2 protein chains.
Amino acid sequence: AFARGPMDGSRRRTPRGALAVMAKEPDSASGWEVIERPAGLLRRFAFPSYGETRKFLDDLAELSKTTGRYPDIGFGTTYANIMLHAAGDKVTAADSEFAQKVNAFAKPKA
Amino acid sequence: AFARGPMDGSRRRTPRGALAVMAKEPDSASGWEVIERPAGLLRRFAFPSYGETRKFLDDLAELSKTTGRYPDIGFGTTYANIMLHAAGDKVTAADSEFAQKVNAFAKPKA
């Protein structure tokens, strides 16, 4: 069963009785938040239009196809939350590299 | 900030201090759960492969394009959670109709 709430992750909570384990120091250089247990990187992207959200998701799907890595994704018309699960029990350089590639999709093209 | 947890909605919670308002009677005929305040319809779909998840999401994007209605979506390789927000303060026949069309995408083609 689901509790009500937005799908945008902004109000996400752990199950009742479970302890939320938050990384105290976000990975500010990349803009992604480091998540522990299970390890991963999380970031919310906002877009001015559905078209731009769509383009971002398409770029990301292409990256997943070429890398074989499929983050969990939550999105609506003007946002996308990307949760990249670490391959091991810690976030590694390979995970950060993937995150940087995703960042590049979200940047306005010069 | 985000609490850790899966993006699949299965552990979704309302904010601390907020009361979770659940519909007691799911809309069993359609397989969707009726959500109140804000009103909407919610359903989780599972798929045997990423390819089928992808196809489902593409079909849904096409439906959104033609109807102008954009649900909030959470997905991973083999699942998709669809939250359809009601246009008004109650779920109406128009909402159920949209939900039925989404159901049709998830059904194996005969």
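See the structure shown above.
Bear in mind that the values here come from a model prediction, so they are computed numbers and not experimental data.

A.B. asks: I'd like a rundown of the overall build of chain A, residues and numbers included.
C.D. replies: Across its full length, chain A carries two helices and four strands. In chain A, the succession of helices and strands from N to C terminus is β-β-α-β-β-α. Residues counted as buried form 44% of the 110 residues belonging to chain A. Counting only contacts in chain A whose residues sit at least 6 apart along the sequence, the fraction spanning at least 24 positions is 60%. Surface summary for chain A: the accessible area is close to 5,900 Å², and the carbon and sulfur share equals 54%.

A.B. asks: Please give an account of the packing of helix α1 (residues 50–67) of chain A against helix α2 (residues 93–106) of chain A that cites residues and values.
C.D. replies: Residues and elements named next belong to chain A. Their axes nearest at 9 Å, the elements α1 and α2 cross at an angle of 150°. When the interaxial angle is binned, α1 and α2 end up roughly antiparallel. For the pair α1 and α2, the sense of crossing is right-handed. Residues Phe56, Asp59, Leu60, Leu63, Ser64 and Thr67 of α1 pack against Phe98, Lys101, Val102, Phe105 and Ala106 of α2. When its residues are assigned to classes, the contact of α1 with α2 shows seven nonpolar, two polar and two charged.

A.B. asks: Explain the environment of B:Leu41 to me, using residue names and the numbers behind them.
C.D. replies: Residues and elements named next belong to chain B. When you line up the elements, leucine 41 lands in strand β2 (residues 40–46). The class for leucine 41 is buried, based on a relative accessible area of 0%. A C-alpha to C-alpha distance of 14 Å links leucine 41 and alanine 80, two positions 39 residues apart in sequence.

A.B. asks: Quick one: what's the story with helix α1 (residues 50–67) of chain B, residue by residue and with numbers?
C.D. replies: In this model α1(B) runs 25 Å from its N-terminal to its C-terminal C-alpha over 18 residues, within 8% of the 26 Å that 1.5 Å per residue would give. When α1(B) is considered as a whole, its buried residues turn out to be B:Thr53, B:Arg54, B:Phe56, B:Leu57, B:Asp59, B:Leu60, B:Ala61, B:Leu63 and B:Ser64. Packing partners of the buried residues in α1(B) comprise α1 of chain A together with β2, β3 (72–76), β4 (79–85) and α2 (93–106) of chain B. Once α1(B) ends, the next one or two residues include B:Gly68, with phi positive near 75°.

A.B. asks: Could you give an account of unusual backbone geometry, with specific residues and numbers?
C.D. replies: All names here are of chain A. Here arginine 37 and proline 38 are connected by a cis peptide whose omega angle stands at 0°. For proline 38, the position within the fold is in the loop between β1 (33–35) and β2 (40–46). With phi around 40°, arginine 37 is a residue other than glycine that occupies positive phi space. With respect to the helices and strands, arginine 37 occurs in the loop between β1 and β2.

A.B. asks: Break down the packing of aromatic side chains for me, with residues and values.
C.D. replies: In this structure the tally under the stated criterion is nine aromatic pairs over all chains. Centre to centre, the rings of A:Trp32 and A:Phe45 are 5.8 Å apart; their planes meet at 70°, and the pair counts as edge-to-face. You can see A:Trp32 sitting in the segment before β1 and its partner A:Phe45 sitting in strand β2, a full 13 residues away along the chain. When the centroid spacing of 4.4 Å and the interplanar angle of 55° are considered together, the rings of A:Tyr50 and B:Tyr70 count as tilted. Separated into two different chains, A:Tyr50 in helix α1 and B:Tyr70 in the loop between α1 and β3 make up a pair that spans both. In this structure B:Tyr70 comes out as partly exposed when scored by relative accessible area, which is 30%. Ring-pair connections join several aromatic residues into one group, and the members of that group are A:Trp32, A:Phe45, A:Phe47 and A:Phe56. If you follow A:Arg69 out to its NZ or CZ, it ends over the ring of A:Phe98, 5.6 Å from the centre.

About the cut-offs
- Residues numbered from 1 in each chain as written.
- Chains lettered and ligands numbered in written order.
- Predicted model: local features only at pLDDT ≥ 70, side-chain atom pairs only at ≥ 80, totals over all residues.
- Heavy atoms only, no water.
- Helix = DSSP H or I, 4+ residues; strand = E, 2+ residues; numbered from the N terminus.
- Buried < 20%, exposed > 50% of the residue type's maximum accessible area, 1.4 Å probe, protein only.
- Contact = heavy atoms within 4.5 Å.
- Areas by Shrake-Rupley, 256 points an atom, 1.4 Å probe, with all protein chains shown as cover.
- Axes fitted to C-alpha atoms, helices over the stretch in contact; angles between N-to-C directions.
- Parallel < 35°, antiparallel > 145°, perpendicular 65-115°, else oblique.
- Left-handed = near helix turned anticlockwise from the far one by under 90°.
- Nonpolar A, V, L, I, M, F, W, Y, C, P; charged D, E, K, R; others polar.
- Expected span 1.5 Å × (residues − 1).
- Phe/Tyr/Trp six-rings, centres within 6.5 Å; stacked < 30°, edge-to-face > 60°.
- Lys NZ or Arg CZ within 6 Å of the ring centre and 35° of its normal.

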